[in-house]
Amino acid sequence: MAVGNLLINLTKPTFYRTTAQGVFTSLGNYYKPMIRSSSVTPLWHMMIFTSVVMYSSSYIALKGGPVQAKRAEQKLALAEYYEKHGHSDHH
């Protein structure tokens, strides 16, 4: 029955609002004392988070499986084209 309640909660906007409020409150309680004491820990956490997000999005968009498969197919097609039509160096 717990799974049914979870599925019902996932359709309600209040579930997301209360979850976000809880996350923001706990993050505020964690980071506010560090920021007030001029700690560098929040900066490091932001830098690590940014790096993870940028690396992940770069991998998904530019280096993921479907992209690599498409590039391999294009490379094979280009090799076949050059084999059939020749390869000129001036283009």
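Here is what the cut-offs are and how they apply
- Residues numbered from 1 in each chain as written.
- Predicted model: local features only at pLDDT ≥ 70, side-chain atom pairs only at ≥ 80, totals over all residues.
- Heavy atoms only, no water.
- Helix = DSSP H or I, 4+ residues; strand = E, 2+ residues; numbered from the N terminus.
- Rg over C-alpha atoms; globule rule 2.2 N^0.38 Å.
- Buried < 20%, exposed > 50% of the residue type's maximum accessible area, 1.4 Å probe, protein only.
- Areas by Shrake-Rupley, 256 points an atom, 1.4 Å probe, with all protein chains shown as cover.
- Lys, Arg positive; Asp, Glu negative; His and termini not counted.
- Charge placed at Lys NZ, Arg CZ, Asp CG, Glu CD.
- Expected span 1.5 Å × (residues − 1).
- Bend = angle between axes of the 7 residues up to and from the residue.
- Phe/Tyr/Trp six-rings, centres within 6.5 Å; stacked < 30°, edge-to-face > 60°.
- Axes fitted to C-alpha atoms, helices over the stretch in contact; angles between N-to-C directions.
- Parallel < 35°, antiparallel > 145°, perpendicular 65-115°, else oblique.
- Contact = heavy atoms within 4.5 Å.
- Nonpolar A, V, L, I, M, F, W, Y, C, P; charged D, E, K, R; others polar.

Attention shifts here to the overall build of the chain. Helix and strand content of the chain: 4 helices and 0 strands. In sequence order, the secondary structure elements of the chain are arranged as α-α-α-α. Taking 2.2 N^0.38 as the reference for a compact globule, 91 residues should give roughly 12 Å; the C-alpha atoms of the chain span a radius of gyration of 25 Å, well beyond that estimate. In the chain, buried positions account for 3% of the 91 residues. A total accessible area of about 8,300 Å² is found for the chain, and carbon and sulfur atoms account for 67% of it. With 9 positive and 4 negative side-chain charges, the chain shows a spacing of 33 Å between the two charge centroids.

What follows covers helix α2 (residues 13-36). The end-to-end C-alpha separation of α2 is 34 Å, in line with the 34 Å expected for 24 residues at 1.5 Å each. Of all the bends in α2, the greatest reaches close to 30° and is centred on Y30; the proline P33 follows between one and four positions later.

Take the packing of aromatic side chains next. Taken as a whole and assessed by the stated rule, the structure comprises 3 aromatic pairs. With centroids separated by 5.4 Å and ring planes inclined at 75°, the aromatic side chains of F15 and Y16 adopt a geometry described as edge-to-face.

So, on to unusual backbone geometry. For residues other than glycine, phi is negative in most cases, and the peptide bonds are mostly trans. Despite not being glycine, S38 shows a phi value in the positive range, around 60°. Tracing the backbone shows S38 in the loop between α2 and α3 (41-63). The exposed category is assigned to S38, whose relative accessible area is 64%.

Closest axis-to-axis distance for the α3/helix α4 (residues 65-85) pair is 6 Å, and the angle between their directions is 30°. By the criterion of interaxial angle, the relationship of α3 to α4 is roughly parallel. The segment α3 lies against α4, with A61, L62 and K63 engaging G65, V67, Q68 and R71. A class-by-class count of the residues in the contact of α3 with α4 yields 3 nonpolar, 2 polar and 2 charged.

Our focus in this paragraph is the environment of Y30. Tracing the sequence through the fold places Y30 in helix α2. Look at Y30 and you get partly exposed, because its relative accessible area is 45%.

This part covers the packing of α2 against α3. Where α2 meets α3, the axes come as close as 8 Å, and the angle between the chain directions of the two elements is 125°. In terms of orientation, α2 and α3 fall into the oblique class. Residues Y30, Y31, M34 and I35 of α2 pack against T41, P42 and H45 of α3. Looking at the contact of α2 with α3, its residues break down into 5 nonpolar, 2 polar and no charged.

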